[in-house]
Amino acid sequence: MTDPIRHEYTPPYAFAALITLLVLVGYVVSLAPSVTWWDAGEFITAARTLGIPHPPGTPLFVLIAHLWGALIPVGEYAVRLNFLSALFSAIGAGAFFLLAYETLRGADLGPPSAQAEWLRLGGAAAAAVAGAFTFTQWQNSNETEVYAVAVCTIALMAWLCLVWRRHRREGRPAARWLVLTLYLAGLSIGCHLLALLAGPAVVAFIWSVLRSEPAETPEERGRERAILVLVGAAWFTLIGTGLGSNLLMTVGGACLLLALANGLRRGSLSFGLLAIGLAAVGVTVYYAAFIRAGLHPAINESQPDNWNSLLAVIRRAQYPVRTPLDNPMMLHGPNNSGRTLGIFGLQLANYFQYFDWQWANGLEGGLRVGSITVFGRLVFTILFGWLGLRGLRLQYRSDRSLGWLCIILFLTTGLALVVYMNFKIGNGMAWDRFPQSDQHEVRDRDYFFVVSFVIWGLWAGLALAGAAKALLDWRPRARLGAGLVLSVALLPLALNFSAATRRHGADARLPADFAYDLLNSVPPYGILFTYGDNDSFPLWWAQEVAGIRQDVTVVCLALAQTDWYMRQIRDRVPGDFDEAMAPDIWRDRHPVKPAWPLHLMTDEQIASSTRAIMLSDSQLVQIGPVRVVYPARSIFYPNDLVTISILQQNLGRRPVVWALTAADHLLGLEHHVVMRGLVLSAEATVIDSTTPGVDAQGLFGAPVDVPVTRALVTRVYRYAGLLGPSRRLIDPTSRGVAANLAVPWTRLASYYDRIGNGPAAIKSLETAGKLSAQPGLEAALAELRLKQAQSAPQTDSTRR
C-alpha cells in the first residue's frame, strides 16, 4: 500500500502531549544538577549575560535561553537551562510520535477497530520512546546544549510536512505550512546548522507526494511543482547563508531568481516571495549578536560588532579549514596528504561505534546475573539494528513519502555527515595506529549524528508495532504478549540510564567543584592562565553566573591566539574581591584592586601579532623584575606574545598563576614558579628549594609549597563526593579532571615520605587513589604500606 488517500481525521494530539510529558519526566530524572563539561558552561554564561558564545554564535539559542532563565526564577540557573534542553527534546519526541502514527495509519494493522487503533498508538509511542532514549539524544537532553533545539526543529519541520499533505488532501489551503517550514529553517541558522540538514528530506517528501498524489488539473500540478522548486532553491540558499559561503549564496540566489520566474509563470509567485521573506526574517536573528557585541558583554567571542567580524562568526573563520578531501590529521594546504580510503574506513567504523552506543550503553561490561555475563551490549545493538531495518521496510511500504523523508534524513545526518565533516579518529579507537593525541578528536563527536540515531529508533518502534500485529494474528488473545513486544522500546531507557544520566556520583557536581577549586587556588586579584574548554568554560559559569571569585582574571590561552580576545582581556576590569566569600587562606591580606590594564599591547601591535614568529637571534627579554634569554630559532605563537606582555605588566604587581593544564606555557619562567595546589604560581625571584616547607621534587620541575598546598587540598577544595563511599566516575572528562585533583595529594605524599612521616604519606596517597584509580598509585601505596610496616617497632609477640 503506497500513500493511500485517507478521509479527514484528527491526529492524536492528546497522545502526543502525553508522550511528550512522559519523555520529559524521563529526561528530568536524569537532569544534570549544575553545569556540565565542554560547551555547556559557555552557553549558560552567554545566556545569563546575553553574550556571544563560540562561532557561529547561536544567537537564537542565547535569546531563548536568556528569556527562559528569566521567566523561570526557580532553582540554580544552570538547572533551569538544562531543563530547557529536556523540554525541547521532549517536544521533538511528541512530533516524532505523530510521524510514526501517520506511518502506521497506512500500515496493514487490520480492519478499523479498537485493536488496530491501539496498535497504532502503541507503535507510535514505541517509536518515539526508542528514539528519545537513544544514548546520544538522551545525553544532549539533560545538559545545556544546542542539539536538543536542533532535533526539535527537525521534528517540527517533518510534522509541518505532514500537516501540509493532510491539508492538501482535504482540499484546504496548504502552501502556508511550507512557508512556516522555511521560516523555521531560517530561524535554525541562529541555533545550529544541523536543522538545515532536514532540507533534502523535506524536498524529497514534497516530490514524493506530488508524484504519488498528483493534482487534478495541469495548472495546479504546474503550480505545485513550482512550489517544490522554490522550496529547494530557498533551502539551498539558506545552507549557503548558514555556512557564510559566497559561492553557495550566489548559486542559491541565482536558483531562487529562476525559481521565482518559474513561479510567476505558474502562479506561485506569492508563495515564493512570502517564503523567501519569512526565511530571511528568521536569519535576521543574527542582528541580536551584532547589537549585543557592541555592548561588550562578558562573553563576546569573535566580537561581531561589524559586518566583517559578524560574517567571520557565521563562517567560523576562527577554526582551521578542513575540507572533505583533506587528511583530517594534517593542516589544510598543499602539504596535506589527502583523505585515504583507510581513514574513511576508520571514520565509518567510528560512526558504527557510536551507533553501538545508542541502545544499551550502560552494558559496556555486559548484563550480569551473579558472576555470569548473560548479554553484552552487542546483542542489543544487533537487535535494534534488525528492528530498524524491519521498520524502514514497513514505513516505505505503508507510506512511501514518509519513507523518503526519513531515509534522506537518516542519510544526511548520518553517513553524509561522515563524508562532509571529515573528523579525526574518535577518542575511543585506533590508538595503536595513531598514538598521538592530536591525531584524534579531543572528544567523541557522536552528537553530530544524533538525528540519524533518533530516526533509527523510530524505525525500530515501527517494527515492534508490526511484530505485535503478527503476534495478534497468530494468537488473537495474546494482547499481553503484544504489549510486551511493544515494551521492547523501553530497553534503551532501561539500559542507557546508568550511562546517560548526569545525576550519578561525582559526575553530577565535578565541573562546578573543579571551577570552584581552580578559582580559589588563586590569590586575590590574581591572573589565572588556562588553556582549553574544560578549564575555562566552567570558570566562566562560576564567575558570571554563580558569582565566585570575580576578582580573578582568567586568560584562556587557546583563545589568546585571536586579536579580539587580546583586546578584550586588555580592556576588561576585574571584579571586586569579596573577602567574606573567599576561603580563609586568602583573607586578611588587604589586597589592592589593580588600576592598570592587563597588558599594554596596542590595537596595531595586536593586529600584527596574530601569526607565529621565529627569532633569528637570541634575545633578552625583561619580564617584570626577571630577565629571560630566548635562544635563536625560538618560535612564539600569538598566545605566547600576549602572555609575555601580561607578565611584563604584572609580574611582581599581581599574582600570576598557571593551571596545571597550561603548565607547558611557562615561557622560560620554569625556575620562578612554585606549585600550590592545582596551579603553578610565578614569583619574581628564583625559588629557593631549601626553604622550609618547600619540596624541591615537584611537578614539571616546579617545587611544591607544602603549607599552602596542604591548606588548599584539605580546607578549600571540593571533590564532588569523590572522597566518600560512592565515587563512581563514568564521563572520561571527569576521570581526567579527577586525576588532576589527585596530583597535589601525590606531591604531598612524596614529601611526607621523604621527611619520614609515613602515616601522612599513606593517608595522602590513599586520598589520591580515591580521586584517580591509576595502577601506579596503587603500586606506590602498597610500597608505602610495606615500608611503614617494616619500619614500625616490633612488639614481643611479633618477635616470637
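**Focus on the nonpolar core**
Line of reasoning, step 1. Core analysis: the biggest nonpolar cluster contains 248 residues, and Leu528 and Trp658 have the highest contact counts within it.
Line of reasoning, step 2. Among the elements that take part in this core, helix H4 (residues 77-105) stands out by supplying 16 residues, more than any other.
Line of reasoning, step 3. Setting aside anything within four residues of it in sequence, one finds leucine 528 in contact with Leu518, Leu519, Val522, Leu539, Val552, Thr553, Val554, Val555, Val657, Trp658, Ala659 and Val679.
Line of reasoning, step 4. Met329, Ile343, Leu346 and Phe434 belong to the second-largest nonpolar core, a separate cluster that totals seven residues.

**A look at the side chain of threonine 413**
Line of reasoning, step 1. Tracing the chain through its elements places threonine 413 in the loop between helix H17 (400-412) and helix H18 (415-421).
Line of reasoning, step 2. A polar contact of 3.2 Å, which involves the side chain of threonine 413, links it to the backbone nitrogen of serine 452.
Line of reasoning, step 3. Contact partners of threonine 413, with chain neighbours within four places excluded, come to Leu194, Leu197, Phe448, Phe449, Val451 and Ser452.

**Overview of the packing of aromatic side chains**
Line of reasoning, step 1. Scanning all chains against the criterion turns up 36 aromatic pairs.
Line of reasoning, step 2. Each ring, one from tyrosine 630 and one from phenylalanine 636, has its centre 5.0 Å from the other, and the planes form 85°; the classification is edge-to-face. When sorted by exposure, tyrosine 630 lands in the same class as phenylalanine 636, which is buried.
Line of reasoning, step 3. Just above the ring of tyrosine 77 sits the side chain of arginine 48; from NZ or CZ to the centre is 4.7 Å.
Line of reasoning, step 4. The residue whose ring lies beneath arginine 718 is tyrosine 516, and the NZ or CZ to ring-centre distance is 3.6 Å.

**A look at H4**
Line of reasoning, step 1. Along its 29 residues, H4 runs 43 Å from first to last C-alpha, staying within 8% of the 42 Å computed at 1.5 Å per residue.
Line of reasoning, step 2. With 25 of 29 residues buried, H4 lies mostly within the body of the structure.

**Looking at the packing of helix H1 (residues 13-28) against helix H5 (residues 114-132)**
Line of reasoning, step 1. In contact at an axis separation of 11 Å, H1 and H5 are set at 30° when each is read in the N-to-C sense. When the interaxial angle is binned, H1 and H5 end up roughly parallel. The two elements H1 and H5 cross, and the hand of that crossing is right-handed. The residues of H5 that touch H1, namely those facing Phe15, Ile19, Val23 and Tyr27, are Leu121, Ala125, Ala128 and Ala132.
Line of reasoning, step 2. For the contact of H1 with H5, a count of residues per class yields eight nonpolar, no polar and no charged.

**Considerations on the confidence of the model for the protein chain**
Line of reasoning, step 1. In this model, the protein chain carries a mean pLDDT of 89, and residues with pLDDT of at least 70 account for 95%.
Line of reasoning, step 2. In the model of the protein chain, helix H31 (residues 796-799) stands out as the element of lowest mean pLDDT, 43, in contrast to strand E3 (residues 527-530), which has the highest, 97.
Line of reasoning, step 3. Within the model, pLDDT remains below 50 along residues 1-7, and this stretch shows 26 contacts once partners closer than five positions in the same chain are excluded.
Line of reasoning, step 4. Every residue in residues 795-800 scores below 50 in pLDDT, and together they form one contact with partners more than four places removed in sequence or on other chains.

**Focus: the pairing of strand E6 (residues 619-623)**
Note on strand geometry: in a regular strand, side chains alternate between the two faces of the sheet.
Line of reasoning, step 1. Note: E6 against strand E7 (residues 626-630), five bridges, orientation antiparallel. Residue leucine 620 lies in a different strand from E7, and its bridge partner there is valine 629.
Line of reasoning, step 2. The hairpin formed by E6 and E7 contains two residues between the paired strands, and glycine 624 there has a positive phi angle of roughly 60°.

**With respect to the environment of leucine 781**
Line of reasoning, step 1. Here leucine 781 lies in helix H30 (residues 775-791).
Line of reasoning, step 2. Linking leucine 781 and glutamate 766, residues 15 residues apart in sequence, is a C-alpha distance of 7.1 Å.
Line of reasoning, step 3. Leave out the neighbours within four places in its chain, and leucine 781 touches Ile762, Leu765 and Glu766.

**Things to note about the pairing of strand E4 (residues 553-556)**
Line of reasoning, step 1. Burial along E4 is two-sided: Thr553 and Val555 and Val554 and Cys556, pointing in opposite directions, are all buried.
Line of reasoning, step 2. As a crossover connection, the stretch from E3 through helix H23 (residues 537-544) into E4 is right-handed.

**A few points about the pattern of salt bridges**
Line of reasoning, step 1. Counting across every chain of the model gives 23 salt bridges.
Line of reasoning, step 2. Between glutamate 220 and arginine 223 there is a salt bridge, and its shortest N-O distance comes to 2.8 Å. Highlighted residues: glutamate 220 and arginine 223, both in helix H10 (residues 218-243), separated by three residues, approximately one helical turn.
Line of reasoning, step 3. With relative accessibility at 25%, the residue arginine 223 sits in the partly exposed group.

**Some details on the packing of H17 against helix H19 (residues 450-474)**
Line of reasoning, step 1. For the pair H17 and H19, interaxial distance at closest approach is 8 Å and the crossing angle is 145°. For the crossing formed where H17 meets H19, the hand is left-handed. Along the contact surface, H17 presents Cys406, Ile407, Leu409 and Phe410, while H19 presents Val451, Ser452, Ile455, Trp456 and Trp459.
Line of reasoning, step 2. By residue class, the composition of the contact of H17 with H19 is eight nonpolar, one polar and no charged.

Rules and cut-offs
- Residues numbered from 1 in each chain as written.
- Predicted model: local features only at pLDDT ≥ 70, side-chain atom pairs only at ≥ 80, totals over all residues.
- Heavy atoms only, no water.
- Core = buried A, V, L, I, M, F, W, Y, C linked by side-chain atoms within 4.5 Å.
- Buried < 20%, exposed > 50% of the residue type's maximum accessible area, 1.4 Å probe, protein only.
- Helix = DSSP H or I, 4+ residues; strand = E, 2+ residues; numbered from the N terminus.
- Contact = heavy atoms within 4.5 Å.
- Polar contact = N/O pair within 3.5 Å; in protein donor to acceptor, adjacent residues only side chain to side chain.
- Phe/Tyr/Trp six-rings, centres within 6.5 Å; stacked < 30°, edge-to-face > 60°.
- Lys NZ or Arg CZ within 6 Å of the ring centre and 35° of its normal.
- Expected span 1.5 Å × (residues − 1).
- Axes fitted to C-alpha atoms, helices over the stretch in contact; angles between N-to-C directions.
- Parallel < 35°, antiparallel > 145°, perpendicular 65-115°, else oblique.
- Left-handed = near helix turned anticlockwise from the far one by under 90°.
- Nonpolar A, V, L, I, M, F, W, Y, C, P; charged D, E, K, R; others polar.
- pLDDT = per-residue confidence, 0-100.
- Pairing = 2+ DSSP bridges.
- Right-handed = clockwise from strand over helix to strand, strands pointing away.
- Salt bridge = Lys/Arg side-chain N within 4 Å of Asp/Glu carboxyl O.

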